[in-house]
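Structural overview for review
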Amino acid sequence: MMEKLKNGYLGAIVLFLYAPILVLIAQSFNASRYRGQWTGFTWQWYERLIENEEIIAAFTNTLTIGVTSAILATLLALVTALGMRQMGLRGRMLFRGIANVPLLNADIVTGISLMLLFLGLGLRLGYDTILLAHIVISLPYAMLCILPQVLSMDDVCYEAARDLGAPPVTAFRKVILPELVPGIVAAFLLSFAMSADDFIVTYFTKGAGIETLTTEIYAELKLGVHPEMYALSTLFFCGVLVFAALLMLNYKVIRRYREAGREEEAA
Amino acid sequence: MNERIAAKLATHRFLALPFALWAVLFIVLPLFFVLFTGLTNGAGNFTLENISTVLQSEYLKALGLSVELALVSTFICLLLAYPLCLILRERKESRGLLVFLLFLLPLWMNSLLTTMAWQTIMEKHGLINMFLAYLGLPEVHLINTSAAIIIGMVYNFLPYMVLPLYVSISRIDESIIEAARDLGANSWQTLRHVLLPLSLPGIVSGSTMVFIPALTTFVISALLGGNKVLLVGNIIEQEFTAAYDWQLGSALSMVLMVFIILNILLEAFTDSGEQGKKGRS
């Protein structure tokens, strides 16, 4: 009885989380251009997606801004974390506090303050200002992934490598970097996700003549979103689904290996 | 010689220097720009007029409504997330990862699009009303009301509650719960006296993470409130993009910052409380 109740609860929450996604997927196969009325099944929005230059341009901007800002945010976070290792507790607390400001601040305040800064410095709002703003908002998330790993890192291996005659750069590349790879990958992925899904900060820092996916959707909302957009997001979601499934599979395989290893050790 | 310098540099605090510059330029300075704009008039002279305009009743009303809706959404998120995290904790090993991925996947769908999909679900001839009509029940009026905005906020911000709460609940040692059971506590008493106090840091950090975006959103209220329910975020957005009264918009942002600072203090307070407890044990 209790178990049924728990499963029912999980099911209800999952339904709540996926209901709008199912609506969007259904929308992408709807022959009608307008949401809310179903006039039959069609593949045409998937076919037209490639020809819709506005959406492709917005998609390209989202992708390039996301990748560039994620790389730069991850690099800056890594360098900063390495520097913070040598700091006292106070300096570390101060740096961490400041780094967390964009994370704790409201998006709308961050967006407006960056817009005022860019205009105050005489910059023209456009691609570059979006890029800068996205580094600002993803940096705290990148630090969150990298900093704990860097701070808990042991100096012994690095120094051993140096004693064995490895030049500092080689020692860093071969000893420290591999240890930090999980954090770096996580930082990159999280930064990219932040950048790709951000709307509010982009909206205030973008200027005229450039759109990302989110601002393009917002602009279309008043007149009705292009169904090609539903097709694109359905494709993207399926991609994420496949990735997650592979991750699950990988996890299971790794666990089976580990369990097998443990049994061997025990035997 | 060169190598020794490189070695020194590779582990030196100078490495944090770029970030210090970055922080001053892109984190601290922008906030001063907001303060400056909020405290000056169009000619750049110092004035408190914007602040006093903000304290007019219509803006205060919007602020009050925003706080109310954000508090209700935060509370509902907590109410939904707590049992969820307890169930997830039980299934940690078996199907834990699968369930967890199931909750993270929706985050990858564009949040503007999912919010818009809620329009399709909640509108007059939407899915909910179609379902109710099918059952022969009277239709409900949801779209363009505060309830619709709250549903949208809960949908969008629930993961922010689940993640910190799950971390804090899954860290609770099973033996403590068993001890409570052995001492004769029933489920409710265990929840009230053991689980709730131990998960308090998670509750606070989840609540602060939901409250701020819920307080400041303008997208959800614009889409699901149909611009009939005005929140602070909507007013700020309009001042910047339609009315071009940047001074007033900045002054309103400054009021929001007060809430953000209160939020940070609340979290810092419970955080240090936890460390104090750890130090004693």
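The residue numbers shown here count from 1 along each chain, following its written sequence. As they are written, the chains are lettered A onward and the ligands numbered 1 onward, keeping that order. Confidence filtering applies because this is a predicted model: local features only for residues at pLDDT of at least 70, side-chain atom pairs given and counted only at 80 or more, and all residues used for totals across whole chains, interfaces and linings. The basis for every side-chain value is the complete set of heavy atoms in the structure, and neither hydrogens nor water enter the calculation.

Let us now look at the overall build of chain A. The helix count covers DSSP runs of H or I at least four residues long, the strand count covers runs of E at least two residues long, and both are numbered beginning at the N terminus. A count of helices and strands for chain A gives twelve helices and zero strands. In sequence order, chain A lays out its α and β elements as α-α-α-α-α-α-α-α-α-α-α-α. We compute the radius of gyration over the C-alpha atoms and compare it with the globule rule, which gives 2.2 Å times the number of residues raised to the power 0.38. Radius of gyration (C-alpha) of chain A: 23 Å, far over the 18 Å computed for a compact globule of 267 residues. Seen through its C-alpha atoms, chain A measures out along the principal axes to roughly 70 × 65 × 40 Å. By residue count, 46% of the 267 residues in chain A fall in the buried class. Restricting the contact set of chain A to residue pairs at least 6 apart, pairs at least 24 apart contribute 69%. A simple rule labels every residue: compare its accessible area, found with a 1.4 Å probe on the protein chains alone, to the largest value its type can have, and call it buried under 20%, exposed over 50%, or partly exposed in between. Note on definitions: a residue-residue contact is assigned when non-hydrogen atoms from the two residues lie within 4.5 Å.

Residues and elements named next belong to chain A. By secondary structure assignment, the location of E216 is in helix 11 (residues 213-221). His is not counted, nor are the chain ends, whereas Lys and Arg count as positive and Asp and Glu as negative. Throughout this description, the term salt bridge denotes a Lys or Arg side-chain nitrogen within 4 Å of a carboxyl oxygen of Asp or Glu. Within the buried core, E216 has no salt-bridge partner, and the shortest N-O distance to an opposite charge, that of K206, equals 8.1 Å. When near neighbours in sequence (up to four residues on either side) are disregarded, E216 contacts E54, A58, E211 and M229.

Right, let's talk about the pattern of salt bridges for a bit. Under the counting rule described, the total for this entry stands at four salt bridges over all chains. Of the charged contacts in the structure, one is a salt bridge between E211(A) and K206(A), with a shortest N-O distance of 3.7 Å. Taking relative accessible area as the criterion, E211(A) reaches 24% and is therefore assigned partly exposed. One salt bridge in this structure joins R89(B) and E174(B), with 2.7 Å as the shortest N-O distance. Note that R89(B) is positioned in helix 4 (residues 57-90) and E174(B) in helix 9 (residues 174-182), a separation of 85 residues in sequence.

Moving on, we get to the side chain of H134(A). All names here are of chain A. Mapping H134 onto the fold places it in helix 7 (residues 127-151). Any pair of nitrogen or oxygen atoms within 3.5 Å is treated as a polar contact; in protein, a donor-acceptor pairing is required on top of that, and neighbouring residues in sequence qualify only through side-chain atoms on both sides. Within the structure, H134 has its side chain in polar contact with the side chain of T202 (distance 2.9 Å). When sequence neighbours within four positions are dropped, the list of residues in contact with H134 reads I65, S69, S195, D198 and T202.

Before going further, it helps to examine the layout of surface pockets. The definitions used throughout rest on a 1 Å grid laid over the protein atoms alone, on which a cavity is an enclosed set of points accommodating a 1.4 Å probe that cannot get out and a pocket is an open set flanked by protein within 12 Å on both sides along at least five of seven lines; lining residues are those having an atom within 4 Å of a point. Grid points are joined across faces, edges and corners, and a volume is the space filled by probe spheres set on the points. Counted as a void, the second largest pocket has a volume near 560 Å³. As for the second largest pocket, its lining consists of 17 residues, of which M2(A), K6(A), L86(B), I87(B) and E90(B) are closest to the centre. When contributions to the lining of the second largest pocket are tallied by element, the ones reaching two or more residues are helix 1 (2-28) of chain A together with helix 4, helix 9 and helix 10 (187-198) of chain B. Residues are grouped as follows: Ala, Val, Leu, Ile, Met, Phe, Trp, Tyr, Cys and Pro are nonpolar; Asp, Glu, Lys and Arg are charged; all remaining types, including Gly, are polar. Considered class by class, the residues forming the lining of the second largest pocket number ten nonpolar, two polar and five charged.

The subject of this paragraph is the interface of chain B and chain A. Each side of the interface is counted separately: chain B has 76 residues, and chain A has 77 residues. Buried surface at the junction of chain B and chain A, summed over both partners, amounts to about 7,100 Å²; 80% is from carbon and sulfur atoms. By convention, the term buried area covers the 1.4 Å-probe accessible surface removed from two parts as they join, with the contributions of both added. On the chain B side of the interface with chain A, the three residues burying the most area are F19(B), W108(B) and M109(B), jointly 10% of the side's total. The tally of links between chain B and chain A comes to one salt bridge. A salt bridge links E90(B) to K6(A), with the nearest nitrogen and oxygen atoms 3.0 Å apart. Where chain B packs against chain A, one counts six residue pairs in polar contact (both at pLDDT 80 or more).

What follows concerns the packing of aromatic side chains. Within 6.5 Å between ring centres, the rings of Phe, Tyr and Trp (the latter by its six-membered ring) count as paired, and their orientation is classed by plane angle as stacked under 30 degrees, edge-to-face over 60, tilted in between. Counted by the stated rule, this structure contains 23 aromatic pairs over all chains. Ring centres 5.1 Å apart and planes at 10 degrees place the aromatic pair F29(A) and F41(A) in the stacked group. Of this pair, F29(A) sits in the loop between helix 1 and helix 2 (44-49) while F41(A) is found in the loop between helix 1 and helix 2, placing the two residues twelve residues apart along the sequence. Connected via pairs of aromatic rings, a cluster forms that spans F199(A), Y203(A), F204(A), Y218(A), F218(B), F240(B) and W246(B).

In this section: the nonpolar core. One finds I108(A), F204(A) and F218(B) to be the most contacted residues of the largest nonpolar core, which totals 104 residues. Among the elements that take part in this core, helix 4 of chain B stands out by supplying 14 residues, more than any other. Those residues in contact with F204(A) that sit more than four places away from it in its chain are I108(A), G111(A), I112(A), M115(A), L125(A), F218(B), E237(B), F240(B) and T241(B). Note on terminology: a nonpolar core comprises buried Ala, Val, Leu, Ile, Met, Phe, Trp, Tyr and Cys residues joined through side-chain atoms within 4.5 Å. Within the second largest apolar cluster, 39 residues are counted, among which are L114(A), Y158(A), W22(B) and F26(B).

As a further point, take the packing of helix 1 of chain A against helix 8 (residues 146-170) of chain B. Each axis is a line fitted through C-alpha atoms, and for a helix only the stretch in contact is used; angles between axes span 0 to 180 degrees, taken between their N-to-C directions. The contact between helix 1 of chain A and helix 8 of chain B brings their axes to 10 Å, and the two run at 100 degrees. When the axes of helix 1 of chain A and helix 8 of chain B are compared, the pair comes out roughly perpendicular. Residue-level inspection shows F16(A), L17(A), P20(A) and I21(A) of helix 1 of chain A in contact with helix 8 of chain B, the latter providing I151(B), V154(B), Y155(B) and L158(B). Of the residues in the contact of helix 1 of chain A with helix 8 of chain B, the class split is eight nonpolar, no polar and no charged. Angles are sorted into four bins: roughly parallel if under 35 degrees, roughly antiparallel if over 145, roughly perpendicular if 65 to 115, and oblique for all others.

Let us now look at a nonpolar patch on the surface. Residues enter patches when they are more than 30% accessible in relative terms and free of salt bridges; like-charged ones are connected within 9 Å and nonpolar ones (Val, Leu, Ile, Met, Phe, Trp, Tyr) within 5 Å. Surface exposure here means Shrake-Rupley accessible area, sampled with a 1.4 Å probe, where a residue is shielded only by the protein chains that are shown. A surface patch of nonpolar side chains, amounting to about 310 Å² of accessible area, comprises V67(A), I71(A), L72(A) and L75(A). When you line up the elements, V67(A) lands in helix 3 (residues 53-84).

Turning our eyes to something else, we now look at the environment of A244(A). Along the chain, the position of A244(A) falls in helix 12 (residues 227-266). A relative accessible area of 8% places A244(A) in the buried class.

Relative to the helices and strands, L78(B) resides in helix 4. A C-alpha to C-alpha distance of 8.2 Å links L78(B) and L158(B), two positions 80 residues apart in sequence.

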